[in-house]
Amino acid sequence: MSTEREELVRAALEFGKKAFPEDRPPGEAEGEFNRTGWKQLAEFGLFGMPVPAEYGGLGLGLGDVIAVMETLGYAIADQGLLFSANAHLWTNVIPVLIYGTAQQKQEYLPRMASGEWIGANAGSEPDAGSDIFAMRTRAVKTDTSYVLNGTKTFCTNAQVADVFVAYATLDPALGPMGITSFVVPRDTPGVAVGKHIDKMGLRTSPMGEVIFEDCEIPLANRLGREGRGAQVFECAMEWERGCILANCLGVMRRQLEKAIAHCQTRKQFGKSIGKFQSVANRIVDMKLRLETCRPLVRRIGELKDAGKDASLEAAMAKLYVSECYVKSSLDLIQLFGGYGYTTEQGVERDLRDAVGSTLYSGTSEIQRNIIAKCLGL
Ligand SMILES: Cc1cc2nc3c(=O)[nH]c(=O)nc-3n(C[C@H](O)[C@H](O)[C@H](O)COP(=O)(O)OP(=O)(O)OC[C@H]3O[C@@H](n4cnc5c(N)ncnc54)[C@H](O)[C@@H]3O)c2cc1C
């Protein structure tokens, strides 16, 4: 790791521990978004890290951002807040940075990079999840605008969002070639945020429906070319799949430390439980998972910083890290015995958070399909 990156990681650790000293996320049971926490992340500069200085960002490489994310995942208990931050970065900031016109970048990036505006991704629909390009939300073009009609679901940040990167089809018969993407500010007439969707984990990250009803969007708000929204979506997913689990590496590191400390001090049958081989082996597996996951995520940083495609590597990282995260969360509960099953220890929360990682940004099955396709199958 370069000295600069080490310095950045040190600063992230210090910031995370100081700004978020709690062992459990405030408002977790109630599913409350931590707006103060969002502002603290913004002040730290997180949302501008991959954004060039001309738009108010820090212009860091992705490798640096991933290192910071891993550290924040380790230091901060509120994984829901970090999940919201990831959704904002990879599905709003990055697509606008890559596909935005000069005017769109000037208009949106400074507000997104400063964290003043929170972004949400409006892609999934009730009947278009894994089969995302079967979406029904329609965009009808007029001389001056596109008019959107349709309902999106599972939108992370929906209730707190100031802007949506939304996808709609100009003609369902065109399949993926009909999909077009748009930047839609929340206050556009015809945009409504529907019901809150409660969920088992990542509870402090809001999720909801977004409804477009005769929502008229200026032509200038189309993101990327007409009929090329699938490309924008795939690009956002490549970045999201590759980077969203960097925080989880930090959680897995924290889990390992917690497991070791517990198994060294908890005594049964007259000795610390870590002395039982079947107990120790679980910790060995947790260590192996962490060490095999980390290079997969770091590789995404290297590839994107070199301007290379990382579709295959991002799918592999997403699949492998999410499944390891679930296994290590289960192991931690087992190591804590009955105490692990109580809410008092907080280790059950990791499992609830981890299960989501095998679903969002494309399920494990979909990642396997992508990998198989990349292998020519
Ligand atoms: C925490 C969380 C946050 C999310 N945030 C967002 C967001 O911000 N914006 C957004 O647009 N969406 C978001 N989503 C939605 C997410 O992208 C979808 O849940 C996901 O793509 C799966 O779609 P689905 O839930 O409709 O499941 P389905 O597509 O109905 O899948 C059900 C099951 O069938 C399997 N399956 C489906 N097709 C295939 C296939 N071809 N081969 C093998 N197996 C298959 C799936 O793997 C799964 O096990 C979020 C989801 C979660 C859980």
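If you're wondering where the values come from, they're calculated on a predicted model, not measured in any experiment.

As a matter of local geometry, the ligand sits amid 16 residues, with S124, S130, F154, T363 and E365 nearest to it. Between the ligand and F154, the relevant distance is 3.0 Å, taken from a nitrogen atom to a main-chain nitrogen or oxygen of the residue. The contact in question runs from a nitrogen atom of the ligand to an N or O atom on the side chain of N369, over 3.1 Å. Coverage of the ligand by the protein amounts to 64% of the 960 Å² it exposes when considered alone. Counting only elements with at least two residues in the shell around the ligand, the list comes to β3 (145–156) and α12 (364–374). When the residues that make up the shell around the ligand are grouped by side-chain class, the tally is 7 nonpolar, 8 polar and 1 charged. Structurally, the shell around the ligand is a two-domain feature, drawing no fewer than three residues from each of domain 2 (119–226) and domain 3 (245–374).

Turning our attention to the layout of surface pockets. As a volume, the largest pocket reaches approximately 1200 Å³. Among the elements that make up the lining of the largest pocket, the one with the highest residue count is helix α6 (residues 229–243) (7 residues). Residues belonging to the lining of the largest pocket are distributed by class as follows: 20 nonpolar, 15 polar and 11 charged. In this structure, the second largest pocket encloses a volume near 370 Å³.

Below, the discussion takes up empty space enclosed by the protein. If you walk through the whole model with that rule in mind, you get 2 cavities of 30 Å³ or more. Roughly 70 Å³ of volume is contained in the largest cavity. Elements supplying a minimum of two residues to the lining of the largest cavity: α4 (79–99) and α7 (246–265). If one sorts the elements of the lining of the largest cavity by residue count, α4 sits on top with 3 residues. Among the residues making up the lining of the largest cavity, the classes are represented as 6 nonpolar, 3 polar and 1 charged. Domain assignment of the residues forming the lining of the largest cavity places at least three in each of domain 1 (3–113) and domain 3 (245–374). Of the pockets and cavities examined, the second largest cavity occupies roughly 30 Å³. Along its surface, the second largest cavity is lined by M1, R5, G63, I66, A67 and R298. In terms of residue count, helix α3 (residues 62–75) provides more of the lining of the second largest cavity than any other element does, 3 residues in total. Of the residues that constitute the lining of the second largest cavity, the class distribution is 3 nonpolar, 1 polar and 2 charged.

On to the domain arrangement of the protein, then. According to the domain assignment, the protein consists of domain 1 (3–113), domain 2 (119–226) and domain 3 (245–374). Contacts between the two partners involve 28 residues from domain 1, matched on the other side by 21 residues from domain 2. Summing both sides of the interface, domain 1 and domain 2 together bury roughly 1900 Å²; the carbon and sulfur share of this comes to 58%. Between the two partners, domain 1 and domain 2, sit 11 residue pairs in polar contact (both at pLDDT 80 or more). Of all the elements in the fold, those that place two or more residues in the side of domain 1 that touches domain 2 are α4 and α5 (102–113). If one sorts the elements of the side of domain 1 that touches domain 2 by residue count, α4 sits on top with 12 residues. Classifying every residue of the side of domain 1 that touches domain 2 by side-chain character gives 12 nonpolar, 11 polar and 5 charged.

So, about helix α2 (residues 35–44). When we look at burial in α2, the residues that qualify are G37, W38, L41, A42 and F44. All buried residues of α2 fall inside an arc of 160° around its axis, so they share one side. Exposed residues on α2 whose side chains face more than 90 degrees from its buried face are T36, K39 and E43. In the core, the buried residues of α2 are packed alongside α1 (3–19), α3 and α4. Two or three places before T36, at the opening of α2, N34 has a side-chain oxygen 3.3 Å from that residue's backbone nitrogen. Count one or two residues on from α2 and you reach G45, which has phi positive near 100°.

This paragraph deals with the packing of aromatic side chains. Under the counting rule described, the total for this entry stands at 11 aromatic pairs. These aromatic residues form a ring-pair network of at least three members: F15, F20 and F44. Geometry around W117 places R111 over its ring, the cationic atom sitting 4.2 Å from the centre. Across from the ring centre of Y74, 3.8 Å away, lies the NZ or CZ of R253, which sits over that ring.

Tallying each qualifying case throughout the model produces 18 salt bridges. Where E70 meets R298, a salt bridge forms, and the shortest distance between an N and an O atom there is 3.5 Å. Remark: R298 occurs in helix α8 (residues 277–305) and E70 occurs in helix α3; sequence separation between them is 228 residues. One salt bridge in this structure joins E348 and R352, with 2.9 Å as the shortest N-O distance. With E348 and R352 both in helix α11 (residues 347–357) and 4 residues apart, this pair spans about one turn of that helix. For E348, a relative accessible area of 14% gives the class buried. Here the salt bridges do not stand alone but share partners, grouping E70, K287, E291, R294 and R298 into one network.

Each value, and the rule that gives it
Residues numbered from 1 in each chain as written. Predicted model: local features only at pLDDT ≥ 70, side-chain atom pairs only at ≥ 80, totals over all residues. Heavy atoms only, no water. Near = heavy atom within 4 Å. Polar contact = N/O pair within 3.5 Å; in protein donor to acceptor, adjacent residues only side chain to side chain. Areas by Shrake-Rupley, 256 points an atom, 1.4 Å probe, with all protein chains shown as cover. Helix = DSSP H or I, 4+ residues; strand = E, 2+ residues; numbered from the N terminus. Nonpolar A, V, L, I, M, F, W, Y, C, P; charged D, E, K, R; others polar. Domains from an automatic or database assignment. 1 Å grid on protein atoms, 1.4 Å probe; cavity = no way out; pocket = protein on both sides within 12 Å on 5 of 7 lines; lining within 4 Å. Points joined across faces, edges and corners; volume = space filled by probe spheres on them. Contact = heavy atoms within 4.5 Å. Buried area = accessible area lost by both parts, 1.4 Å probe. Buried < 20%, exposed > 50% of the residue type's maximum accessible area, 1.4 Å probe, protein only. Arc of directions from axis to C-beta. Phe/Tyr/Trp six-rings, centres within 6.5 Å; stacked < 30°, edge-to-face > 60°. Lys NZ or Arg CZ within 6 Å of the ring centre and 35° of its normal. Salt bridge = Lys/Arg side-chain N within 4 Å of Asp/Glu carboxyl O.

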